[in-house]
Amino acid sequence: MHTTNAVNGANYLTYQGKYKGLLGWIFSTDHKRIGLLYLYSIATMFATGVLLGLAMKFELLAPGKTIMDAQTYNATFTVHGVIMIFMVVVPGLPAVFGNLMMPIMIGAKDVAFPKLNLLSWWLYIAGVVLVLCALLFGSGSPDTGWTFYAPYSFKTGTNLLPAVFGAFVLGFSSILTGLNFLVTIHRLRCPGLKWTKLPLFVWTLYGTAWIQLLATPVVGITLVLVALERVFGVGVFDPALGGDPVLYQHLFWIYSHPAVYIMILPAMGAISEIIPTFSQKHIFGYKAIIASTLSIAFVGYLVWGHHMFTAGMSGTAQYYFSLLTFIVAIPSAIKVFNWISTMYKGSINIQTPFYWAVSFIFVFMVGGLSGLVLGSLATDIYVHDTAFVVAHFHYIVFGGTGFAFFAAMHYWFPKIFGRMYDKAWANIGWLVFTIGFLALYSPMFYLGMMGMPRRYYDYLEEFHGGNILSTLGSWVLVTGFIIIVVNLVRSARKGEPAEVNPWHSKTLEWTVPSPPPVLNFEKEPVLGEKDGPYNYD
Amino acid sequence: MAEHQHVHIEHPDMYDPESSKIGMWLFIFTELLLFGGLFIVYSVYRYMNPDAFHLAAEELNTFIGAFNTVILLVSSMTIAMSTTALQKGHKKVAIALVVITFIIGIGFLVNKYFEWGVKFSHGIWPGSEQMLNEMSQGEILFFGLYFVMTGLHALHIIVGLVIMGFAIRGVANGKVNAKRPSLLDNCGLYWHLVDLIWIFLFPLFYLIH
């Protein structure tokens, strides 16, 4: 694998195909352009979700009504959840960095079905538009929480139908992306790139794609049933007609728990690329990480019941789900040990992506260990539906996936845009963001333990102190976010031209020019016996 | 330089029959889990209301159900034969066989239309007065699921017919041929799936007593 600086012809950002201007982007089947389309659309939705989160935190600055009434608060957390889960963290890393980098990492020209890939993005946009319709038109924004629990989801007078349908369409987009990636990874690896040499980010995308493919249809049909319930009254989840609302919860979590692993697995994959690169050392326990990825994907299917310990379930089922929940924590811990061991005796190059990766490990551990508190039966009864749960899943979903997303962004940025960002500002952005994050969510662990319930716009006087700190944290976090975005946007246009391989990484995407040419490789790469994604010496 | 970076470069010819086949199989897995969710719902409610499900199933016409099963099985055979015909280069035979499959699919929908029509004329549809006032909860659930599951299956039949339309056009204009058979192959795979799901729906609603 030798590197070349030769830039021949236009790269994927500048070339002109059949259409000009914006049309050349939204009708492009180039995986890199589609990746950027996802990046911009997901970033927009993330900013929207952040604003809603900010509004909720502002409401909780003081007891009683601060800026909104109870109904508005209910709608705000519902929409915040729907946007963040279905439009940001689930597609997040796979749709953005999977599209941008995965085909190059396996030495392919594109994904297996480029047109299907474009269709996935269009479905994503259609889903977004549908959900926005639910917000803007009709009889008020949905107020059920992002889980659309029955029977309230077909009793509420708010405009829920477009939101449910939008979530269904977003699921379909996710399924098609997963299908595309599975076929791509099976069929389009370059000669010499055996399964045992596949970069770990690609491995995690592979595990994720299976979950997308096999879990999403279950929630799809469940949402269809809710919609039919609302329109025709088929009775499937309506206790008045003999239906069972708890069955809805089962079907919902059969997808939505594996979906947590859709969110976190590619994040772990990105971290598994970044840590060896900035340690200049072979990843520790390559095969153990693969095995843990696949076992997370598998066992993750069988733990959905831990969302429903208080919903009414037999004791036997509770023991079973609790035990499996503890078991699924093991492969995650294996990964953490592997990352730490990779750093041991490495020549560590401290750069922005490395800061993000290390802080990812920290917040992921806090999130993961607090998850065990919720996974054990006795303690779950105590903290169920409190701020503790909110803190736990924000540490995992926002701290885990979000930090990994920023890590990946700062890692692949020079490759994507061909320019380097301002490293000093990037570090400042990371620091401010991290301080804000810790201040925002850590008090919620305490508040939850003290008994503050989630999803109320009001609280008792005794919770005031912790909530002030949390709200202040939200402001610091947003300040950090603005610094990061401004720095990246400015650098994408005006930054210093980036080298082919600024971090001295060994994976294939760093052998092509920055930004990559239209068809990625001048000629198909071939991996020799001694080449590998982490062979640093 | 940008001159030779034109249209065709964005669509490198990546035709790979193996990829298409894997892609279709993966899509079939997704479909199976989509219906899987409904089968779970069905089993749970059947377990909770065994008598009502038995009673409600008596309402269904086993003859039409069995007839539809038989013609769908025949259609699976004809579409499989058309794939083979195409492999052997018999273009016209292949087209004729897909057309036969298409007609059988339409026939299935016509039967379904009359079947549902009879239910409607008896006042049975989700949320109808008759159901809410005279039926037990178990019967309401049975018919709710009956309409949802057979309706979703009928939707799949329609999708299958649309794909067949494309396959017929492809074979006719030569874009789908013995060397590039993927569209017809995948059309066949999809049709088998639609058939397979019916094979499960038929006994669940019409036969088990």
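Scroll up to find the structure this text is about.
Reading guide: rules and limits
- Residues numbered from 1 in each chain as written.
- Chains lettered and ligands numbered in written order.
- Predicted model: local features only at pLDDT ≥ 70, side-chain atom pairs only at ≥ 80, totals over all residues.
- Heavy atoms only, no water.
- Helix = DSSP H or I, 4+ residues; strand = E, 2+ residues; numbered from the N terminus.
- Buried < 20%, exposed > 50% of the residue type's maximum accessible area, 1.4 Å probe, protein only.
- Contact = heavy atoms within 4.5 Å.
- Areas by Shrake-Rupley, 256 points an atom, 1.4 Å probe, with all protein chains shown as cover.
- Lys, Arg positive; Asp, Glu negative; His and termini not counted.
- Charge placed at Lys NZ, Arg CZ, Asp CG, Glu CD.
- Expected span 1.5 Å × (residues − 1).
- Bend = angle between axes of the 7 residues up to and from the residue.
- Polar contact = N/O pair within 3.5 Å; in protein donor to acceptor, adjacent residues only side chain to side chain.
- Phe/Tyr/Trp six-rings, centres within 6.5 Å; stacked < 30°, edge-to-face > 60°.
- Lys NZ or Arg CZ within 6 Å of the ring centre and 35° of its normal.
- Buried area = accessible area lost by both parts, 1.4 Å probe.
- Salt bridge = Lys/Arg side-chain N within 4 Å of Asp/Glu carboxyl O.

Asker: Explanation requested: the overall build of chain A in the structure shown.
Answerer: Scanning chain A for helices and strands turns up 16 helices and 2 strands. Across the 537 residues in chain A, those meeting the buried criterion constitute 62%. Within chain A, counting contacts between residues at least 6 apart in sequence, those at least 24 apart form 82% of the total. On chain A, roughly 19,300 Å² of surface is accessible, and the fraction owed to carbon and sulfur atoms is 69%. In chain A, the 29 positive side-chain charges and the 23 negative ones have mean positions that sit 12 Å from each other.

Asker: Just to check I follow, could you spell out helix α9 (residues 245-279) of chain A for this structure?
Answerer: In an α-helix there are 3.6 residues to a turn, and that puts residues three or four apart on one side. Residue and element names in this part refer to chain A. The terminal C-alpha atoms of α9, which comprises 35 residues, lie 51 Å apart, in line with the 51 Å expected from a rise of 1.5 Å per residue. Of all the bends in α9, the greatest measures close to 35° and is centred on W253. With 33 of 35 residues buried, α9 is to be regarded as a mostly interior element. N-capping of α9 is provided by D244, with a side-chain oxygen placed 3.0 Å from the backbone N of V246. One or two positions beyond α9, positive phi appears at Q280, with a value near 50°.

Asker: Sorry, what's going on with helix α3 (residues 62-87) of chain B here?
Answerer: All names here are of chain B. Between its first and last C-alpha, α3 extends 38 Å over 26 residues, near the 38 Å set by a 1.5 Å rise per residue. The backbone nitrogen of F63 has a side-chain oxygen 2.9 Å away, supplied by the residue at the start of α3, namely N61. Positive backbone phi, approximately 85°, marks G89, located one or two places after α3.

Asker: Just to check I follow, could you spell out the packing of aromatic side chains for this structure?
Answerer: Working definition: an aromatic ring pair is given by the centre-to-centre distance plus the angle between the planes. Under the defined criterion, the tally for this structure stands at 69 aromatic pairs over all chains. Both rings, one in F405(A) and one in F406(A), keep their centres 6.4 Å apart while their planes meet at 90°; by these two values the pair is edge-to-face. Its relative accessible area of 16% is what places F405(A) among the buried residues. Considering the side-chain rings of F120(B) and W125(B), the 6.2 Å spacing of their centres and the 85° angle between planes classify their relative orientation as edge-to-face. Residue placement shows R189(A) over the ring face of W195(A); its charged tip is 4.3 Å from the ring centre.

Asker: Just checking my understanding: could you explain the side chain of T386(A) for this structure?
Answerer: Here T386(A) is to be found in the loop between α13 (377-383) and α14 (387-417). What makes T386(A) buried here is its relative accessible area of 5%.

Asker: Just checking my understanding: could you explain the interface of chain A and chain B for this structure?
Answerer: A common way to report how large an interface is uses the accessible area buried once the components associate. Facing the 47 residues of chain A at the interface are 37 residues of chain B. Between chain A and chain B, a total of about 3,500 Å² is buried, with carbon and sulfur atoms accounting for 74% of that surface. Among the residues of chain A in contact with chain B, R187(A), I221(A) and L241(A) are the three that bury the most area, contributing 15% of the side total. The tally of links between chain A and chain B comes to 1 salt bridge.

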